[in-house]
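Here is how the chains run, residue by residue.
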Amino acid sequence: MIAYIIRRLLYAIPILIGVNILTFALFFVVNTPDDMARMHLGDKRVTEEAIEKWKANLGYDKPLFWNAEKDGAGQFTDTIFYTKSIRLFVFDFGLSDNGRNIAHDISQRMWPSLAIAVPSLLVGLLLNITFALTMVFFRATYIDTAGVVLCVILMSISSLFYIIGGQFLIGKMLNLVPISGYDTGLEAIKFLILPVAISIIYSIGSGSRWYRTIFLEESGKEYVRTARAKGLSEKVVMGRHVLRNALIPILTGIVVLLPLLFMGSLIIESFFGIPGLGSYTIDAINQQDFAIVRSMVFLGSVLYIIGLLLTDISYTLVDPRVRLN
Amino acid sequence: MPSGLKILLTLLTLGLGACEQAPWNNPYPASESGQPVYYDMFSERPKHLDPVSAYSADEYKFIGQIYEPPLQYHFLKRPYELTTLTAESVPEPMLFDADDERLPADAPADAVDYSVYRVSIKPGIEYQPHPAFARDADGNYRYHALEKSELEGIRELSDFEHHGTRELTAADYVYQIKRMVHPRRYSPIAGVMSKHIVGLPDLKEELKSAPMDLNGYIDLRNHDLEGVQVIDRYTYEIRVNGKYPQFNYWLAMPFFAPMPWEAERFYNQTGMNQRNIVLDWYPIGTGAFMLTENNPNLRMVMERNPNYWGEKYPTEGMPGDREAGLLDDAGKTMPFIDKAVYSLENESIPAWNKFLQGYYDVSAISSDSFDQAVNFNAQGNAELTPQMKRKGINLLKAVTTSSYYLGFNMLDSVVGGDSEQARLLRRAISIAIDYEEFISIFQNGRGIAAQGPLPPGIFGHREGKAGINPYVYDWEEGEPERKSIREARELLAEAGYPNGRNRESGEPLTLYFDTLDRGPDSKAIHNWYIKQLDKLGIRLVVRSTDYNRFREKMRKGNAQMYFWGWNADYPDPENFLFLLYGPNGKVLHGGENSSNYDNSEFDRLFEQMRNMDNDDERQAIIDKMVEIARRDAPWLWGFHPVAYTLHHQWYSNAKPNLMANNTLKYKRIDAQQRERLRAEWNEPVVWPVLTVIGLLVLAILPAIRVYRKREKEAAL
């Protein structure tokens, strides 16, 4: 397995280089270093000299990919792409174009994102699996039909509706929790109840339907029939056999979600005023802060690669037949 | 009640932090209940908190309370008037000719070689407590030569154990002026000030080769600035080229606030930047407040500066101010609040709802909530809705010192130029585009159609019949009335485009309008413009783009018509009329004259007017300039927005002052009343939750029964 992990990690290097090139190209197709300077220096009274000074101080006065004025390796290394990218591979995110330490900002902003994402994921998973198993248990009855209809209704409603409706009903009409905001420590709980609840409710529709499909497929297999023939109770059949064998697709879905959880939810964080990572990248794009954009895309890619690797490893844990070669 | 439900509700209650009588939905800590804390919001995070770089309202909202330039705007008097802040008096410029001979104050501008502004500051003013000033028992600075090991465990400024202070001196003001041309700082006004302050360009050149440590620190005390000198501990002089009466306005802006050298020495150390402990993030000032929490992704908190020198509330105001209670605190020591909490609100709906719950003391009115807040009565005046009145909410209105205009590129071959044909075309369009309608539809009535470049409240602006633009309006029954579309068509025909077609070629006239794409909302505005020109038979093509491309087009002169705006730096006509000054053209000179308007007579009058004091002679020159601009019509004058602000009944000393940046110290909060009303408005309603839980239990029960039944069934 170790050889497999090392091989996968080595595969990651060209992927990360590719992602970096793509991010760089896309960013500079839309923004020029002059645009970035004007965005940072403001609109009023800014002079060409100030723009040149800003670019020179931040290293944006170099050519993008190729420096024809240099010799040898300098043609490649004395460029914006090289100077801004190379340190990423040792996870040195450096300073934002506004002069702030990106790693420090990420380390501060990841916690509020995780504070929403982790309980939403865990409680949501538990609820979805329970609800899906219930529907499968009562398959072809009014409970199953009602459950599917409820799922379709829940997944047909826009997430914005849940957020605005939830804030209006729970925060404004019933006055049970703050409409938005955030705090640290235990004080954070009152701010997290509503966004976590909304995240869970929003995920019930699609999650439960998907899990129901997986469980239904599993429950029709012969080993399940054998288990029933052995006289096992339906509770044991569902909980021990069906659920366990359905874990691979469930795990695939969950582990792939992990980087997204870390990176935060833009809409939830924006409406609830939660200072997570969801808005960090968007703010950086709006402020044309390339240093943050490349760092966040790089970090997202790394997490995604790690997530996929963990998925593969987790297969071996839930299914002894799987071998990583 | 079932025990499980009891536990759930208990946990919910605990989790909500429902301490004592505090409402469950209170987003603030219970410890702040009943305290004189001011609650407000912000939607755009500040980019800079260093006074040498900050230049936007989002930034001034904070640093205006912390840094103290020598002058400020009088809180109550209108038109806006400069008064002292840390200065002993508003400096009267001393004028000198080329032979260093003193000239009288009314000397003509061309006789003046330079002006000297001597500023004397009040003694005894101290800085906020700050580690940059902390000294050990031997009198050495504790934190000016930090080792790596000493920074271990330091993550924020508040992690430094020791704090100190010192008295404000004239040298601190001089130090800050030098910072404008520091090679590592970006001051937006460095270019402008280099033209005015004697010796600033030389200092800039000198600093380029000055010894700088790895962290960008240059000890500016070792570099002289010819035109700015410390006279004594509390006095300094600024020498300005020629005559520049507007310079005093600059002295009321944070660019000219004091900066102690210790701050730069402290922040520019290895390891500080890695911890984001930088001057751009942690201000250090003498103002009424100091920033104690800087998390622009969540909230900014300012607390009373314990070393504040205790400025007194103004004792004079305008007629009606006393009756409005605005002089109740006259002569009392400010500030009246202990703390100000500004929370980030990205979305308008939650912000508005929290204001209605009493969790914000003031609020602007977004278009989403406008109808809920404001009605227009039969006379067309805005008034609060009954719902707002019931809550005791008050409405404040103020015309902003801003202009939003549609400009013509005067370099364009169709709409630009000085020909009579182009002038008539621009005038016809000026009549056709009905900004009264625009204000009504897209601004909820919050604006006044502009009659020229100067907004109300700025010297030179004329009210009533004398103030209307006679090329676009008639004076009818005491009101300006836009000329008819028939007259616009006649002008268009005279311009060579009868019915919107070129008289010679017969081709329909097509114009191009460059503007910003602000998403789906822009579409309605673009369609409105198309319809306005369609009244003349002119085809309008809207080219909406992102801000980068828009700016590029403007810089290169590739736009034909465009929409833009200007917020005044200071309340002087020069700050608006310079937008039409030829040598300030954007394409040729990189200036702020985006229309590239160039009229020699206008320029001559501008050069005469800009250095004059506000008197009848200046008014007469401004009248001539405005007339020239109206006749040439390089802009459709657009509109001046009217700011609507709501505030709760517990908030007093509320008077809009759109020029002042430091109004937090005047605010007063009746915290007890706020507490009482918040509790009244936010009583938790639990029964619907219990009902839903009950219904869920009822729905689950049959399923449980079926499950149990199935479990007991024998296998077939």
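Under an unreviewed UniProt entry, chain B has the name ABC-type transport system substrate-binding protein and belongs to Methylohalomonas lacus. Its UniProt record gives chain B the following Sequence similarities (unreviewed entry) comment, quoted word for word: "Belongs to the bacterial solute-binding protein 5 family." According to the UniProt record, the Subcellular location (unreviewed entry) comment for chain B reads "Cell envelope".

Under an unreviewed UniProt entry, the name given to chain A is Peptide/nickel transport system permease protein, and the organism recorded is Methylohalomonas lacus. Comment text from UniProt for chain A, heading Subcellular location (unreviewed entry), reads "Cell membrane". Within the UniProt record for chain A, the comment given under Sequence similarities (unreviewed entry) is "Belongs to the binding-protein-dependent transport system permease family."

### Here's the deal with the overall build of chain B
Tallying secondary structure elements over chain B gives 21 helices and 25 strands in all. Principal-axis analysis of the C-alpha atoms gives chain B an extent of 100 × 80 × 60 Å. Taking all 716 residues of chain B together, 56% fall into the buried category. Counting only carbon and sulfur atoms, one obtains 49% of the accessible surface of chain B, whose full area is about 30,600 Å². Side chains of chain B carry 80 positive and 100 negative charges; the gap between the two charge centres is 7 Å.

### So, the interface of chain B and chain A
Contact residues are listed per partner, giving 73 residues for chain B and 63 residues for chain A. Per-residue buried area on chain B facing chain A is highest for Lys47(B), Tyr186(B) and Asn276(B); these three make up 11% of the total on that side. The tally of links between chain B and chain A comes to 4 salt bridges. In this structure, Asp35(A) and Arg549(B) form a salt bridge, with 2.7 Å as the shortest nitrogen-oxygen distance. One can count 30 residue pairs in polar contact (both at pLDDT 80 or more) joining chain B with chain A. Of all the secondary-structure elements, those providing two or more residues to the side of chain B that touches chain A are helix H1 (3–15), helix H4 (190–196), helix H5 (200–208), helix H8 (348–356), helix H15 (547–556), strand S22 (561–567) and helix H21 (687–712) of chain B. With 8 residues, the top contributor of residues to the side of chain B that touches chain A is H21(B). Across the side of chain B that touches chain A, the residue classes break down as 33 nonpolar, 18 polar and 22 charged.

### Notes on the pattern of salt bridges
Residues and elements named next belong to chain B. Under the defined criterion, the tally for this structure stands at 53 salt bridges over all chains. One salt bridge in this structure joins Glu32 and Lys339, with 2.8 Å as the shortest N-O distance. Residue Glu32 is found in the loop between H1 and strand S1 (37–42), and its partner Lys339 is found in strand S11 (residues 339–344); the two are separated by 307 residues along the sequence. Look at Glu32 and you get buried, because its relative accessible area is 11%. With a closest N to O distance of 3.1 Å, Arg185 and Glu264 form a salt bridge. One end of the pair, Arg185, is in the loop between helix H3 (170–179) and H4; the other, Glu264, is in helix H7 (residues 261–267), and 79 residues separate them in sequence. Exposure remark for Arg185: the relative accessible area of 13% places this residue in the buried category. Each of Asp418, Glu420, Arg423, Arg631 and Asp632 takes part in one network of salt bridges that share partners.

### Things to note about the UniProt feature "transmembrane region" (unreviewed entry) in chain B
On the UniProt side, "transmembrane region" (unreviewed entry) is annotated at positions that read residues 685–704 of chain B here. Annotated as 90% helix and 0% strand, the span residues 685–704 of chain B places its first and last C-alpha atoms 30 Å apart.

### A word on the sheet that holds strand S5 (residues 102–103) of chain B
Residues and elements named next belong to chain B. Across the sheet, 5 strands lie side by side as S5-S4-S6-S8-S7; this open sheet has antiparallel pairing. With partners counted over all chains shown, the strands left at the sheet margins are S5 and strand S7 (228–232), one partner each. Relative to the sheet, H3 contacts S7 and strand S8 (235–241), its axis offset from that of S7 by approximately 175 degrees.

### Considerations on helix H11 (residues 234–245) of chain A
A rise of 1.5 Å per residue sets the reference length of H11(A), with its 12 residues, at 16 Å; its end C-alpha atoms lie 15 Å apart and thus fit the reference within 8%. For H11(A), the full list of buried residues reads Glu234(A), Val237(A), Met238(A) and Val242(A). Seen end-on, H11(A) carries its buried residues on one side only, within an arc spanning 90 degrees. Structural note: H11(A) exposes Lys235(A), Arg240(A) and Arg244(A) on the side pointing more than 90 degrees away from its buried face. Contact partners of the buried residues in H11(A): helix H6 (102–137), helix H9 (188–219) and helix H10 (222–229) of chain A together with H21 of chain B.

### Side note on unusual backbone geometry
Here Arg78(B) and Pro79(B) are connected by a cis peptide whose omega angle stands at -5 degrees. Looking at the element boundaries, Pro79(B) is found in the loop between strand S2 (71–73) and strand S3 (82–84). Here the bond from Met334(B) into Pro335(B) is cis, since omega is 0 degrees, no more than 30 degrees from zero. One can find Pro335(B) in the loop between strand S10 (299–304) and S11. One non-glycine residue, Phe91(A), lies in positive phi territory at about 60 degrees.

### Observations concerning helix H15 (residues 290–318) of chain A
Under the 1.5 Å per step criterion, the end-to-end length of H15(A) is 41 Å for 29 residues, consistent within 8% with the ideal 42 Å. Taken across its 29 residues, H15(A) has 21 buried, putting it largely inside the fold.

### Some remarks on the domain arrangement of chain A
All names here are of chain A. One can read the domain layout of chain A as domain 1 (2–90) and domain 2 (107–318). Look at where the C-alpha atoms of domain 1 and domain 2 centre, and you get two points 36 Å apart. Between domain 1 and domain 2, the residue contacts involve 21 residues of the former and 18 residues of the latter. The junction of domain 1 with domain 2 conceals about 1,800 Å² of combined surface from both sides, 73% of it contributed by carbon and sulfur atoms. Where domain 1 meets domain 2, there are 1 salt bridge.

What counts and what doesn't
- Residues numbered from 1 in each chain as written.
- Chains lettered and ligands numbered in written order.
- Predicted model: local features only at pLDDT ≥ 70, side-chain atom pairs only at ≥ 80, totals over all residues.
- Heavy atoms only, no water.
- UniProt positions renumbered as here; feature names shortened; annotations may be inferred.
- Helix = DSSP H or I, 4+ residues; strand = E, 2+ residues; numbered from the N terminus.
- Buried < 20%, exposed > 50% of the residue type's maximum accessible area, 1.4 Å probe, protein only.
- Areas by Shrake-Rupley, 256 points an atom, 1.4 Å probe, with all protein chains shown as cover.
- Lys, Arg positive; Asp, Glu negative; His and termini not counted.
- Charge placed at Lys NZ, Arg CZ, Asp CG, Glu CD.
- Contact = heavy atoms within 4.5 Å.
- Buried area = accessible area lost by both parts, 1.4 Å probe.
- Salt bridge = Lys/Arg side-chain N within 4 Å of Asp/Glu carboxyl O.
- Polar contact = N/O pair within 3.5 Å; in protein donor to acceptor, adjacent residues only side chain to side chain.
- Nonpolar A, V, L, I, M, F, W, Y, C, P; charged D, E, K, R; others polar.
- Pairing = 2+ DSSP bridges.
- Axes fitted to C-alpha atoms, helices over the stretch in contact; angles between N-to-C directions.
- Expected span 1.5 Å × (residues − 1).
- Arc of directions from axis to C-beta.
- Domains from an automatic or database assignment.

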